[in-house]
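# Summary of the model geometry
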Amino acid sequence: MQTSTYQQLKLQCSHHNATLIAVSKTKPAASITELYDIGHRDFGENYVQEMVEKQNLLPNDIQWHFLGHLQRNKVKQIAPFVHLIHSVDSLPLLEEIQKQANKNNRTINVLLQLNVTTEETKFGMDENELLYLLEVVSSRSSQFQNIQICGIMGIASNTDNKQLIRKNFQQIFTAFQHTKNVYFIGKSYYNICSMGMSSDYQIALEEGSTMLRIGSLLFGSREYAQK
Ligand SMILES: *Cc1c(COP(=O)(O)O)cnc(C)c1O
């Protein structure tokens, strides 16, 4: 882990009023401790089992961000401690999070994942699905008392085409503002537009990101062989 890279990222985030999430998936707990010891508290993981294991090992004041595709039957494992789920992509998933949050007697913060790419491998809702979900939630708000929807998460296309990446981020940010103006007027907690990763975070900041999710730039490239 390069401390100077971390300090650079923190500086850029503070210029843009954005929060930095250190994405530690596939990396050992020791890598997290290294950043923790210089004051970092927000860490992102993609796999339920891995996040639970690390949460058991590491200090309690870490704020755990779940970024990956979340299966309904695994929500209960992270519900006791997760700080923010970035990847809500369906009503049934939201209903399960509500159920588990209620069981744990807490409120769980979530983001709705918007898919603006044409890549079939990416999870998330398209804009119509996202607006439909918000319609349902706002018409049945008493059934979602243990959930706080805090904004939107999006991933840009996996491409070298900077213009396309910028266009993707503009679309995510526009959806964030639109949904804020329609469904969350006066709700100060609806303030997260989570976009930008190691390869595209500068563009994301320029386009209004309030939360970066940075993995390989901080921790080095990942090994997937073990998964
Ligand atoms: C892995 C991952 C990241 C971090 O990716 P890097 O390119 O390593 O910065 C960010 N967001 C999500 C949803 C991820 O799965």
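See the structure above.
Reading the values: rules and limits
Residues numbered from 1 in each chain as written. Predicted model: local features only at pLDDT ≥ 70, side-chain atom pairs only at ≥ 80, totals over all residues. Heavy atoms only, no water. Phe/Tyr/Trp six-rings, centres within 6.5 Å; stacked < 30°, edge-to-face > 60°. Helix = DSSP H or I, 4+ residues; strand = E, 2+ residues; numbered from the N terminus. Buried < 20%, exposed > 50% of the residue type's maximum accessible area, 1.4 Å probe, protein only. Lys NZ or Arg CZ within 6 Å of the ring centre and 35° of its normal. Near = heavy atom within 4 Å. Polar contact = N/O pair within 3.5 Å; in protein donor to acceptor, adjacent residues only side chain to side chain. Areas by Shrake-Rupley, 256 points an atom, 1.4 Å probe, with all protein chains shown as cover. Nonpolar A, V, L, I, M, F, W, Y, C, P; charged D, E, K, R; others polar.

Here we take up the packing of aromatic side chains. All told, the structure shown has 5 aromatic pairs when counted by the stated rule. When the ring of Phe176 is compared with that of Tyr190, the centres are 5.6 Å apart and the planes differ by 15°; the resulting orientation is stacked. Remark: Tyr190 occurs in the loop between helix H7 (162-183) and strand S7 (192-194) and Phe176 occurs in helix H7; sequence separation between them is 14 residues. For the pair formed by Phe176 and Tyr190, the shared burial category is buried. Seen from their ring centres, Phe184 and Tyr190 are 3.8 Å apart, and the 10° between their planes marks the pair as stacked. A relative accessible area of 0% places Tyr190 in the buried class. Put simply, the rings of Phe173, Phe176, Phe184, Tyr189 and Tyr190 pair up and form one aromatic cluster. Taking the ring centre of Tyr36 as reference, the NZ or CZ of Arg41 above it sits at 3.6 Å.

Attention now moves to the site of the ligand. Residues in contact with the ligand, as listed here, are Val23, Lys25, Asn46, Leu67, Ile155, Met197, Ser198, Arg213, Ile214, Gly215, Ser216 and Arg222. Contacts to the ligand include Gly215, whose backbone N or O atom sits 2.8 Å from an oxygen atom. With respect to the ligand, the side chain of Arg222 contributes an N or O atom lying 2.7 Å from an oxygen atom. Starting from 390 Å² of accessible surface for the ligand in isolation, the protein chains cover 90%. When grouped by side-chain class, the residues that make up the shell around the ligand number 5 nonpolar, 4 polar and 3 charged.

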